[in-house]
Amino acid sequence: MRFPTILTALFVTAALALPSQSAPRDGAMAVFNRAVNNGRPVATGACCIANTSKKGDTCTNAAGAPGVCQPANTANCGAQLTCT
């Protein structure tokens, strides 16, 4: 009866140690890094995150280049800040 418990623990440990499984966790942590935007998420796209992003926050624009959230309204973001 004890063999399946040990075998299960071994499989779980091996699955958590696989490099392919750790990549999504590392990527998610980079988005909410406390050193960037004081812990607020980094916006991706033409518009910054409504009611979350502040003027001067780091973002990634629609072309994939790094940018800054600013009140430019050049991408039809409405009341949201624009990533320029």
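Refer to the structure presented above.
All figures in this text were calculated on a predicted structure; none of them were measured in a lab.

Caption draft 1: Quick look at the sheet that holds strand 3 (residues 66–70). The strand order across the open sheet built from four strands is 1-2-3-4, with neighbouring strands paired in mixed fashion. Two strands lie at the open edges of the sheet, namely strand 1 (43–44) and strand 4 (82–83), each paired on one side alone. By the bridge criterion, two bridges tie strand 1 to strand 2 (residues 58–60) in an arrangement that is parallel. By the bridge assignment, threonine 44 is partnered in strand 2 with threonine 60.

Caption draft 2: Here's a closer look at the environment of asparagine 73. Turning to its location among the elements, asparagine 73 is positioned in the loop between strand 3 and strand 4. Once the C-alpha coordinates of asparagine 73 and alanine 46 are considered, the two residues, 27 residues apart in sequence, prove to be 9.8 Å apart. Discounting chain neighbours no more than four positions away, the residues touching asparagine 73 are Gly78 and Thr82.

Rules of the game
- Per-chain numbering applies: the sequence of each chain, read as written, is numbered from 1 onward.
- Restriction of local features to residues with pLDDT of at least 70 applies here, the model being predicted, together with a cutoff of 80 or more for giving and counting side-chain atom pairs; totals for whole chains, interfaces and linings are based on all residues.
- To get the side-chain values, take all heavy atoms of the structure and skip hydrogens and water.
- The criterion for strand pairing is that DSSP finds at least two bridges linking the strands in question.
- A run of H or I in DSSP becomes a helix once it reaches four residues, and a run of E becomes a strand once it reaches two; helices and strands are each numbered from the N terminus.
- By definition, residues are in contact when any of their heavy atoms lie within 4.5 Å.

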